[in-house]
Structure formats: structure tokens, C-alpha cells
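For reference, the chains in residue letters:
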Amino acid sequence: MDEISLSRLAPSPVADPFLRPTELADWTAPGIVALAVELGSGEGDVETPDVARRCFEWVRDQVRHTVDHGDDVVTARASEVLEHRTGFCFAKSHLLVALLRANGIRSGFVYQRLAFDEERRAFGLHGLVAIDLPGHGWYRCDPRGNKPGVSAQFTPPAERLAYRANRPGEVLFPKVYADPVGIVARALSVHDDPAVLAVSLPDAVTLGELER
């Protein structure tokens, strides 16, 4: 992909922290640029939700959730997620943000703290994406992938996330991050076995703990 294509996709990618490429949202990788061009070339433009919706639905539906499908690789960088077509919620969020930023759409990372069981004996973080939609502001969506009992949709201004953080101990953290938080990035780098990562997900109760 040549420089003209790159400049057409996202102006001044390093000027805005919610547009820049990063280590994990590496949107200048050729495969991501090519897919971003494809998703951005249909009806609508970045001033409407159409391109953002196509990016969201592509990642939600075309990239497997690693645990749901029993895949044997842990991906972290957006380009890895695209290559292997699998990822945990965090990794799928990295790819969605990369595709959005490649199309010049401001986007970032948001996290939930969720209980793993009804007894609330164990908690862990869940990764979401926030998109700065004109006329709406920050709009949260969840590209983890749907399955029976889980139906995440893109219906601005209404948010339809995969999970509601409404039980005691669960939290929907309000802050939008330009980069994945450190405890998430470290968990993806330390664990190369999906089964181990699935039972070792990072956890945080407060914003301070989330930002460790």
C-alpha cells in the first residue's frame, strides 16, 4: 500500500492519540490498510456511522473468539488478529480500533469488570471499543462475537453490549483509553496458551488498579 493510500485513509495519524498507530493497534500494517480501504469504500463516509458499523460487524463476525472456538493461539497485535482470524475480546478490540483509525475514525479502548460465575467468586476484565461518532460522542461497542445468549449490536445512540455490568462487583469503567491498558497488554504478552489466559484474565476494581 503506497503513501497516497495511507494519507487518504487517516490524516496526520500521530497528531491525535485516538488516531495514531500503536504497537497493538498497528493500523499501518499492509493487511489492515487493505481491509480498511475495502470497508471504507462502501456507502457512507466517516461523518456517518456507516463505515464504523462495517468495521465493527466485520471484526465481530469474521474474527473468531479464541475461547468460543477452541483456537490454540494467543494474538495481541491487530495485524496478528487479522492474520490468524482469532483473538480474545481484548485482541479483537485492537483490530477494530486499528481498522477504525485507518479510516480516520477516532476510537479507543474501554473495559468492563465482569463476574465469571453466578456466585461472583471470580472476576476479570472484558475489552470494549469506544468510537467518537459525529453527533453522538463516544459510543461503546463490543466486537467479541455473538453466540447463544450474547448479542452485541451497533445501534447508535443506543449501546447494545454483549454483557451488562450490573451485578455486585461488576463495573463498566467510564474512561476511554488511547492505548490498551498495561495489565491487559502484559497478560497477552505473558500467556501463549489460550487455556491458561482464559483462567488468568487481568482484573481491576478501580481505575487506579486498571491503570497499573
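Residues numbered from 1 in each chain as written. Predicted model: local features only at pLDDT ≥ 70, side-chain atom pairs only at ≥ 80, totals over all residues. Heavy atoms only, no water.

*Asks:* Can you lay out helix α3 (residues 50–62) for me, pointing to particular residues and giving the numbers?
*Replies:* With 13 residues, α3 ought to run about 18 Å at 1.5 Å a step, and its terminal C-alpha atoms sit 18 Å apart, in line with that. Those residues of α3 that fall on the buried side of the exposure criterion are Val51, Ala52, Arg54, Cys55, Phe56, Trp58, Val59 and Arg60. Structurally, α3 contributes buried residues whose contacts are with α2 (30–40), α5 (78–84), α6 (89–102), β4 (123–133), β5 (137–141) and β6 (153–155). (Helix = DSSP H or I, 4+ residues; strand = E, 2+ residues; numbered from the N terminus. Expected span 1.5 Å × (residues − 1). Buried < 20%, exposed > 50% of the residue type's maximum accessible area, 1.4 Å probe, protein only. Contact = heavy atoms within 4.5 Å.)

*Asks:* Describe the sheet that holds β4, naming the residues involved and giving the relevant values.
*Replies:* Taken in spatial order, the 4 strands line up as β5-β4-β3-β8 in an open sheet, and their pairing is antiparallel. Looking at strand neighbours, the two that pair on one side only are β5 and β8 (171–172), the edges of this open sheet. Where strand β3 (residues 107–115) meets β8, 2 bridges bridge the pair, whose relative direction is antiparallel. Bridge pairing in β8 places glutamine 112 opposite leucine 172. (Pairing = 2+ DSSP bridges.)

*Asks:* Let's hear about the pattern of salt bridges: which residues, and what values?
*Replies:* Counting across every chain of the model gives 13 salt bridges. Here arginine 144 and aspartate 68 are joined by a salt bridge, their closest N and O atoms 2.9 Å apart. In this pair, arginine 144 sits in the loop between β5 and β6 while aspartate 68 sits in helix α4 (residues 66–69), placing the two residues 76 residues apart along the sequence. Classification of aspartate 68 by relative accessible area gives partly exposed; the value is 32%. By sharing partners, the salt bridges in this structure join Asp16, Arg106 and Asp132 into a single network. (Salt bridge = Lys/Arg side-chain N within 4 Å of Asp/Glu carboxyl O.)

*Asks:* Could you give me a rundown of the pairing of β3, with the residues and numbers involved?
*Replies:* Counting buried positions over the 9 residues of β3 gives 9, a clear majority of the element. Of the two faces of β3, the one holding Ser107, Phe109, Tyr111, Arg113 and Ala115 and the one holding Gly108, Val110, Gln112 and Leu114 are both buried throughout. Note: β3 against β4, 9 bridges, orientation antiparallel. Opposite arginine 113, over in β4, you have leucine 125 as the bridge partner.

*Asks:* Can you tell me about the side chain of serine 93, naming the residues and giving the values?
*Replies:* The topology assignment puts serine 93 in helix α6. With relative accessibility at 1%, the residue serine 93 sits in the buried group. Beyond its immediate chain neighbours, meaning those up to four positions away, serine 93 contacts Phe109, Gly127, Leu128, Val129 and Pro143.

*Asks:* For the layout of surface pockets, give the residues involved together with the corresponding values.
*Replies:* Volume-wise, the largest pocket comes out at about 400 Å³. If you go around the largest pocket, you meet 20 residues; those closest to its centre are Leu114, Phe116, His126, Arg144 and Tyr163. Counting only elements with at least two residues in the lining of the largest pocket, the list comes to α4, β3 and β4. Tallied by class, the residues present in the lining of the largest pocket amount to 10 nonpolar, 3 polar and 7 charged. Taken as a whole, the second largest pocket holds about 190 Å³ of empty space. Every residue along the wall of the second largest pocket is listed here: Gln112, Gly149, Val150, Ser151, Glu159, Arg160, Leu161, Ala162, Tyr163, Arg164 and Leu172. In terms of residue class, the lining of the second largest pocket is built from 5 nonpolar, 3 polar and 3 charged. (1 Å grid on protein atoms, 1.4 Å probe; cavity = no way out; pocket = protein on both sides within 12 Å on 5 of 7 lines; lining within 4 Å. Points joined across faces, edges and corners; volume = space filled by probe spheres on them. Nonpolar A, V, L, I, M, F, W, Y, C, P; charged D, E, K, R; others polar.)

Keep in mind these numbers describe shape, not what the thing actually does.
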